[in-house]
Amino acid sequence: MPYLNADDLSGGDFIALVREGTWPEEALMMGFTPANFKFERFSFDEKFLERTDQGRIFFPDGELRWRRTGGQNRVVYLGNVPMFSSLADYSDEMEGLEAETEQLLLWGIRTDTENEWVEQHVPHRFAYPIFTSEFSRGRAALTVEKWIDRCGLPRFSRYCSIEEIDPAEKEVNDATG
């Protein structure tokens, strides 16, 4: 059964939690401030984290997600490995749920084999944290794990990884519409 932990933390407690986490090398961070965003390989950046309104640090075995609500950070960890014993344990909420994994196509098509992905409809360039360059006009896909109840409704989800995929691959959900 997966681990589900959550709590509302002050800004300082949130920063301490992230600082003390044991993050694998492949961990990625997606964070948003009112004026900036980052989507890159995770490295602890206290000044950026202090300004975030929301974000995620994720890797194949777990995800820490947060959102600022009032003066607190609502923090949720969902993963296959225990990481944060200081957060309240809600793992029993996962009983009876089944995991499904899917890939979600991200915006943009690789320009060639550089780490530059261009979205054509509303011209924008993206630099995703992808460290391969296998496909000339490839796509970027986010692997998402959803936890489904017996009625088929998703109750929880987490990001797992991002990867480059063959543009001819058809078995992914297209986020671009």
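A. A look at the sheet that holds strand E10 (residues 117–119). The 3 strands are arranged E9-E10-E11 in an open sheet whose pairing can be described as antiparallel. At either end of the open sheet lies a strand with only one pairing partner, and these are strand E9 (109–110) and strand E11 (124–126).

B. Fine view of the pattern of salt bridges. According to the stated counting rule, one finds 11 salt bridges in the structure shown. With a closest N to O distance of 3.5 Å, Lys 146 and Glu 102 form a salt bridge. In this pair, Lys 146 is assigned in strand E12 (residues 139–148) and Glu 102 in strand E8 (residues 98–105), connecting sequence segments 44 residues apart. Judged by relative accessible area, which is 27%, Glu 102 ranks as partly exposed. The closest approach of N and O atoms between Arg 110 and Glu 164, which form a salt bridge, is 3.5 Å. With Arg 110 in strand E9 and Glu 164 in strand E13 (residues 154–165), this residue pair connects regions lying 54 residues apart in the sequence.

C. Representation of a negative patch on the surface. A cluster of like negative charges, contributed by Asp 89, Asp 92, Glu 93 and Glu 95, occupies part of the molecular surface. Judged by relative accessible area, Asp 92 falls into the exposed class, the value being 52%.

D. Fine view of the layout of surface pockets. Empty space within the largest pocket amounts to approximately 390 Å³. Lining the largest pocket are 19 residues, and of these Met 30, Phe 32, Phe 37, Phe 39 and Tyr 159 lie nearest its centre. For the lining of the largest pocket, the secondary structure elements donating two or more residues are strand E2 (28–32), strand E3 (37–41), strand E4 (54–59), strand E5 (62–69) and E11. Of the residues contributing to the lining of the largest pocket, the split by class is 13 nonpolar, 2 polar and 4 charged. The calculated volume of the second largest pocket comes to roughly 200 Å³. Taken together, 14 residues make up the lining of the second largest pocket; nearest its centre are Leu 28, Pro 129, Ile 130, Phe 131 and Ile 162.

E. Spatial organisation of the packing of aromatic side chains. Counted according to the given criterion, the structure contains 9 aromatic pairs. Note on Trp 23 and Phe 84: the rings are 5.9 Å apart at their centroids and 50° apart in plane angle, and the pair reads as tilted. With Trp 23 in the loop between helix H1 (11–20) and E2 and Phe 84 in the loop between strand E6 (72–79) and strand E7 (88–89), this residue pair connects regions lying 61 residues apart in the sequence. For the pair Trp 23 and Phe 84, a shared accessibility class is recorded, and that class is buried. Taking 6.0 Å as the distance between ring centres and 75° as the angle between the ring planes, the aromatic pair formed by Phe 39 and Tyr 128 counts as edge-to-face. Separated by 89 residues along the polypeptide, Phe 39 in strand E3 and Tyr 128 in the loop between E11 and E12 bring together distant segments of the chain. According to the relative accessible area criterion, Phe 39 is buried, its value standing at 14%.

F. The arrangement of H1 in detail. Those residues of H1 not exposed but buried are Phe 14, Ile 15, Leu 17 and Val 18. The buried residues of H1 occupy an angular sector of 160° when projected down its axis, which confines them to one face. Exposed positions of H1 whose direction lies more than 90 degrees from the buried face are Gly 12 and Glu 20. Buried residues in H1 make contact with strand E1 (3–9), helix H2 (46–51), E4, E5 and E6.

G. Highlighting the nonpolar core. By size, the foremost hydrophobic cluster in this structure holds 19 residues, and its most contacted members are Phe 14, Val 18, Trp 23, Ile 57, Leu 64 and Val 75. Of all the elements in the fold, those that place two or more residues in this core are H1, H2, E4, E5 and E6. Ranked by the residues each element gives to this core, the list is headed by H1, at 4 residues. Excluding anything up to four places from it in sequence, Trp 23 contacts Val 18, Phe 42, Ile 57, Phe 59, Leu 64, Met 83 and Phe 84. Judged by nonpolar contacts, the second largest core, of 13 residues, contains Met 30, Leu 106, Tyr 128 and Val 144.

Parameters at a glance
Residues numbered from 1 in each chain as written. Predicted model: local features only at pLDDT ≥ 70, side-chain atom pairs only at ≥ 80, totals over all residues. Heavy atoms only, no water. Pairing = 2+ DSSP bridges. Helix = DSSP H or I, 4+ residues; strand = E, 2+ residues; numbered from the N terminus. Salt bridge = Lys/Arg side-chain N within 4 Å of Asp/Glu carboxyl O. Buried < 20%, exposed > 50% of the residue type's maximum accessible area, 1.4 Å probe, protein only. Patch = residues over 30% accessible without salt bridge, like charges linked within 9 Å, V, L, I, M, F, W, Y side chains within 5 Å. Areas by Shrake-Rupley, 256 points an atom, 1.4 Å probe, with all protein chains shown as cover. Lys, Arg positive; Asp, Glu negative; His and termini not counted. Charge placed at Lys NZ, Arg CZ, Asp CG, Glu CD. 1 Å grid on protein atoms, 1.4 Å probe; cavity = no way out; pocket = protein on both sides within 12 Å on 5 of 7 lines; lining within 4 Å. Points joined across faces, edges and corners; volume = space filled by probe spheres on them. Nonpolar A, V, L, I, M, F, W, Y, C, P; charged D, E, K, R; others polar. Phe/Tyr/Trp six-rings, centres within 6.5 Å; stacked < 30°, edge-to-face > 60°. Arc of directions from axis to C-beta. Contact = heavy atoms within 4.5 Å. Core = buried A, V, L, I, M, F, W, Y, C linked by side-chain atoms within 4.5 Å.

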